Amino acid sequence: MKYASEDQEGPAVEETAGSAASAPEHSERRAAAGAGHPAAPHDEQQGTRNKVARSILDHGPSTAAELALRLELTQAAVRRHLDALAAEGVVEPREKRVYGTRGRGRPARAFALTDCGRDAFDQAYDQLATEALRWIAQSAGGGEKGEAAVAAFARARLAAQAEGYRTEVEAAEPEARTEALAKALTADGYAATARSAPNPQLGEQLCQHHCPVAHVAEQYPQLCEAETEVFSRLLGTHVQRLATIAHGDGVCTTFVPKAGAGKAAHRTPRTTKTTTASASTAGRNPA
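Computed from a prediction, not measured in an experiment: that's the story for all the values here.

Caption draft 1: Local environment of the pattern of salt bridges. Applying the stated criterion across every chain yields a total of six salt bridges. Between R94 and E92 there is a salt bridge, and its shortest N-O distance comes to 3.1 Å. Using a relative accessible area of 41% as the deciding quantity, one classes R94 as partly exposed. Shared partners join several salt bridges into a network, and the residues in it are E163, R166 and E170.

See the structure below:
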């Protein structure tokens, strides 16, 4: 689920606070409001849930009564949406903090966004990462020195990440290590798979269908280069990066030669030279 700002949403038809209209009348109002542009009930509900989540983001933990007042909905309608958002892991109930003397009765529950709920809204992580790498490059003097500094950072970052994969890869049989690496990458959000290369006798391909840093890697291919180097060390063989999402390809594809395939294993359908990682291939499509 990905939320945008409220001004980008379509109108969400929902039971308003204080409404006493009969079901037929309510249906007629909905039909009139959407005349010519009927909205699916699911879309209407999702739009309202978006507004509920956005209101919590803007105002902090909120009770159903507070949300109903802000959004001009009934508390019953708000509670339905809160239940759905809680089931999706977007919000969670908390005991509302009371300042001063607490009255009688059970304290009201306030709903707060979870980490997952916050992540559903637009973030600026890519911009932050790009600016940080730009600062590293400039602080090192720019030019080749700056590029080298970014590469050093990328290697250090990937080296730490690789330690989490090493145990799984080394525990697998040699012929299953690419698959083990793919599973470890998938657990980190890369949606990776291992499959046979066009010529299975030569090797296989490690495919990453998602790249969390693709937008940053467009400007700093050193991230892809460092990743390719890490794959080579983990798998104990030279590998060849054939395509990257950062370059505009649909999938990040790395060729892994088959063990014992000899010199033929170092020839891929896309190039005649295999390297661990180089500025000419990593982060770019070498075709």
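Caption draft 2: Representation of empty space enclosed by the protein within the structure. With the rule as written, the count across this model stands at three cavities of 30 Å³ or more. If you add up the space inside the largest cavity, you get close to 80 Å³. What lines the largest cavity is simply R157, L158, Y190, C211, V213, L223, C224, E227, R241 and C252. At the level of secondary structure, the elements contributing two or more residues to the lining of the largest cavity comprise α7 (143-171) and α10 (222-235). Element by element, the count of residues in the lining of the largest cavity is highest for α10, at three residues. Among the residues forming the lining of the largest cavity, the class breakdown is seven nonpolar, no polar and three charged. If you add up the space inside the second largest cavity, you get close to 40 Å³.

Caption draft 3: Main features of the sheet that holds strand β4 (residues 203-208). Strand order in this open sheet of four strands is β3-β4-β6-β5, and the pairing throughout is antiparallel. The outermost strands of the open sheet, each flanked by one partner alone, are β3 (192-196) and β5 (240-243). Strand-to-strand twist across the sheet, computed as the mean angle between neighbouring axes with direction ignored, equals 25°. Note that β3 and β4 share five bridges and pair antiparallel. Within the sheet, the bridge partner assigned to T193 lies in β4 and is C207. Seen against the sheet, helix α8 (residues 177-187) touches β3, β4 and β6 (252-257) and runs at an angle of roughly 160° to β3. Its contacts with the sheet place α10 against β4, β5 and β6, and it is angled at close to 135° to β5.

Procedures and definitions
- Residues numbered from 1 in each chain as written.
- Predicted model: local features only at pLDDT ≥ 70, side-chain atom pairs only at ≥ 80, totals over all residues.
- Heavy atoms only, no water.
- Salt bridge = Lys/Arg side-chain N within 4 Å of Asp/Glu carboxyl O.
- Buried < 20%, exposed > 50% of the residue type's maximum accessible area, 1.4 Å probe, protein only.
- 1 Å grid on protein atoms, 1.4 Å probe; cavity = no way out; pocket = protein on both sides within 12 Å on 5 of 7 lines; lining within 4 Å.
- Points joined across faces, edges and corners; volume = space filled by probe spheres on them.
- Helix = DSSP H or I, 4+ residues; strand = E, 2+ residues; numbered from the N terminus.
- Nonpolar A, V, L, I, M, F, W, Y, C, P; charged D, E, K, R; others polar.
- Pairing = 2+ DSSP bridges.
- Axes fitted to C-alpha atoms, helices over the stretch in contact; angles between N-to-C directions.
- Contact = heavy atoms within 4.5 Å.

Bear in mind that shape data such as this cannot, by itself, settle questions of function.
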